Amino acid sequence: MVAPRLVLVLGDQLTLSIAALKAADMDRDIVVMAEVAAETGYVAHHPKKIAFVLSAMRKFAARLQEDGWRVCYTRLDDEDNAGSIGGELLRRAEEHGAKEVLATEPGEWRLIEALRDHPLTLHIQQDDRFICSHKEFEDWAEGRKSLRMEYFYREMRRKTGLLMEGDDPAGGAWNFDSDNRKSPPKGLEGPEPPRFEPDGVVRQVLDLVEARFSENFGKLRPFRFATDPEEAEKALDHFIAHALPCFGDYQDAMVRGQDLLFHSLLSPYMNVGLLDPLEVCRRVEAAWQAGDVPINAAEGFIRQIIGWREYVRGIYFLEGPDYTSRNALDHTRKLPALYWGGETEMRCLRECVDATRREAYAHHIQRLMITGNFALLAGVDPGEVHEWYLEVYADAYEWVEAPNTIGMSQFADGGVIASKPYVSSGNYIAKMSDYCKSCSYGVTVKTGEGACPFNLLYWHFLIRHRARFEDNPRMAQMYRTWERMDAEKRDTVLAEAEAFLERMDAGEVV
Ligand code: FAD
Ligand code: DLZ
Ligand code: SF4
């Protein structure tokens, strides 16, 4: 009899057509899935993320068995759990006399390297759930002076045919972003997000997670994520019907008490494989073709997926395993306690950290222009910032989190992703949110009592990094504004920014 091969399916590879399963033989091979301490603990994940991944894994394993696969599934509390993916493969190989493993490339260098060094023979397949392969991205990047997303995105539009009219972009432009920066009018509310009641499988996982991970940052209950493809599909239907029409207009808006506004909360589902990203885009395109949503909404949404999502993955694999340790701006400050729910007077940060703690979610502008912006202005060590984002969000996997944090948000890659750092004073936050209205600080106050910290730190950042950014044409205007300020005011701004940072470092509530 031919020895069986093991077929490894990781917690973010829950797709029936995943490459390793496609390469396998149902009559011969054995699927291995394992809940292991190494994966639940490589960072202190938000309890909701662990509950989501383990619930979805258990349901996926049951589906495979129904389809006729032999599945060896290890639960986290199984007595002989080897504790790591590599260890579980060895244990199962011994049990079944297997020598070879079929696997799909993991989304993290840490695991890729562990599998590469594994004593069994591994056949690693490319993860073909993405539109752009590593090779295609390398070819696109080859010889380019700068790797801007916009040009990559156009290639993906051509490749998929999404929103194309022959060789031209539908609606006469590739990008309708200029329509997508509306300030939120008073009382703006998004639709109620869909909620999925935990069934027996999820309830069992919730108890396990509660018993083991209650020390991790984040609230486990109420838990309302979808955990199988059917539920995820319902979340997609709900988004298209209720939120997508306004997605473009209010994509950058932030409103107190509105965690989602018109965002989709589909990233956790796409990232583990419960939804196919291309299918999601085709559904959105169809809604536009049917006249149900405007072009700026459909284009804006599709760009996030076939543009940004594919692009950041390309960058992660192109740049290599050292990407997460980059620190181009030499920032060394420790992440302030307020990121872990410590008290703060800054309303914007309090709102975003609170949503993160409750829901393991914050939308893109909250991540980029509130928590990310503040960390960058304050000069926090990007390694610490990266670890925070990897820990606290339900959609966090290194291939997507690291380029967004290290590159887009913290400029720690020196400008591979962003042509200038995403920094702003309080002005931007006041324009795009209602946070400032209920803040102890005054957003229009530039110095002295009640000055908004973003106003002070913005200049502090620009002056700290003057040598690097002064000649950047997109930033020259700000340096000219600084020069026009009177000298005494400039000294006051910098001294107050320093004093603020000192108070924060000393653990005072700021
Ligand atoms: P929507 O606003 O509804 O967007 C639709 C989809 O587009 C998302 O589901 C997502 O798949 C995709 N998308 C949008 N923006 C991006 C982007 N910049 N990069 C990649 N995909 C994008 N996204 C993650 O999936 N995992 C992460 O760990 C993650 N970490 C981030 C860290 C920082 C510092 C920043 C600034 C962004 C990060 N993002 C991450 C990107 C983005 O913020 C999230 O994808 C988005 O907020 C998810 O919510 P949503 O599904 O409601 O998105
Ligand atoms: C995120 C996660 C968690 C919390 N737990 C597991 C697990 O127990 N078993 C598993 O196979 N995968 C898990 N995952 C997903 C992996 O961490 C993910 O596959 C890698 O980070 C590569 O993207
Ligand atoms: Fe944030 Fe400043 Fe507005 Fe307060 S005033 S919410 S600190 S931007």
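On a predicted model such as this, the values are computed, not experimentally measured, just so you know.

A.B. asks: How should the pairing of strand 5 (residues 121-125) be read in this particular structure?
C.D. replies: As paired elements, strand 4 (residues 100-104) and strand 5 share five bridges and run parallel to each other. Bridge assignment links glutamate 100 to a residue of strand 5, and that residue is threonine 121. Following the backbone out of strand 4, through helix 5 (residues 109-116) and into the adjacent parallel strand 5, one traces a crossover that is right-handed.

A.B. asks: Help me out: how do you make sense of the environment of arginine 224 in this one?
C.D. replies: When you line up the elements, arginine 224 lands in the loop between helix 8 (200-213) and helix 9 (229-247). Separated by 20 residues in sequence, arginine 224 and leucine 244 have C-alpha atoms that sit 20 Å apart. Setting aside residues up to four positions removed in sequence, arginine 224 forms contacts with Pro194, Arg195, Phe196 and Glu359. Here the side chain of arginine 224 touches glutamate 359 through a polar contact of 3.0 Å, side chain to side chain.

A.B. asks: Honestly, the domain arrangement of the protein chain in this entry has me stumped. Any pointers?
C.D. replies: As a measure of interface size, the accessible area lost when the parts come together is often cited. Segmentation of the protein chain into domains returns domain 1 (6-125), domain 2 (134-319) and domain 3 (337-505). Domain 1 and domain 3 are separated by 39 Å when their C-alpha centres are compared. Contact with domain 1, which involves 13 residues of that partner, is made by 15 residues of domain 3. Buried area between domain 1 and domain 3, summed over both chains or domains, comes out near 1100 Å², and the portion from carbon and sulfur atoms is 54%.

A.B. asks: Teacher, can you tell me more about empty space enclosed by the protein here?
C.D. replies: Any space left empty among the atoms is revealed by the rolling of a water-sized probe across them. Scanning the model with the defined rule gives four cavities of 30 Å³ or more in all. Its boundaries defined by the atoms lining it, the largest cavity holds a volume of some 350 Å³. What lines the largest cavity is a set of 24 residues, and nearest its centre among them are Gly11, Glu39, Tyr42, Val53 and Tyr397. Mapped onto the lining of the largest cavity, the elements with two or more residues apiece are helix 2 (37-41), helix 3 (47-66) and helix 5. In terms of residue class, the lining of the largest cavity is made up of 13 nonpolar, four polar and seven charged. There is about 100 Å³ of room inside the second largest cavity.

A.B. asks: Explain the site of ligand 3 here, please?
C.D. replies: Near ligand 3, the surroundings consist of Met346, Arg347, Cys348, Gly426, Ile429, Tyr435, Cys436, Cys439, Tyr441, Val443, Cys452 and Phe454. Assessed atom by atom at 2 Å from the grid points, ligand 3 resides in the second largest cavity. Counting residues per element, the ones that place at least two in the shell around ligand 3 are helix 13 (347-359) and helix 17 (426-432). In terms of residue class, the shell around ligand 3 is made up of ten nonpolar, one polar and one charged.

A.B. asks: Just checking my understanding: could you explain the packing of helix 13 against helix 14 (residues 364-378) for this structure?
C.D. replies: Describing two packed helices takes the angle between their axes plus the distance from one axis to the other. Relative orientation of the contacting elements helix 13 and helix 14 amounts to 120°, with a least axis distance of 10 Å. Our classification of the angle between helix 13 and helix 14 gives oblique. You can see that helix 13 and helix 14 cross each other, and the crossing is left-handed. Contact with helix 13, carried on its side by Cys348, Leu349, Cys352 and Val353, involves Gln366, Ile370, Thr371 and Phe374 of helix 14 and no other residues of that element. Each residue belonging to the contact of helix 13 with helix 14 can be placed in one class, and the counts come to six nonpolar, two polar and no charged.

A.B. asks: Help me understand the state of the cysteines, please; the structure alone is not making it clear to me.
C.D. replies: What the rule picks out here adds up to zero disulfides. Not engaged in a disulfide, the cysteine cysteine 132 finds its nearest cysteine sulfur in cysteine 281; these two sulfurs lie 14 Å apart.

Parameters at a glance
- Residues numbered from 1 in each chain as written.
- Chains lettered and ligands numbered in written order.
- Predicted model: local features only at pLDDT ≥ 70, side-chain atom pairs only at ≥ 80, totals over all residues.
- Heavy atoms only, no water.
- Pairing = 2+ DSSP bridges.
- Helix = DSSP H or I, 4+ residues; strand = E, 2+ residues; numbered from the N terminus.
- Right-handed = clockwise from strand over helix to strand, strands pointing away.
- Contact = heavy atoms within 4.5 Å.
- Polar contact = N/O pair within 3.5 Å; in protein donor to acceptor, adjacent residues only side chain to side chain.
- Domains from an automatic or database assignment.
- Buried area = accessible area lost by both parts, 1.4 Å probe.
- 1 Å grid on protein atoms, 1.4 Å probe; cavity = no way out; pocket = protein on both sides within 12 Å on 5 of 7 lines; lining within 4 Å.
- Points joined across faces, edges and corners; volume = space filled by probe spheres on them.
- Nonpolar A, V, L, I, M, F, W, Y, C, P; charged D, E, K, R; others polar.
- Near = heavy atom within 4 Å.
- Sits in = over half its atoms within 2 Å of the grid points.
- Axes fitted to C-alpha atoms, helices over the stretch in contact; angles between N-to-C directions.
- Parallel < 35°, antiparallel > 145°, perpendicular 65-115°, else oblique.
- Left-handed = near helix turned anticlockwise from the far one by under 90°.
- Disulfide = S-S within 2.5 Å.

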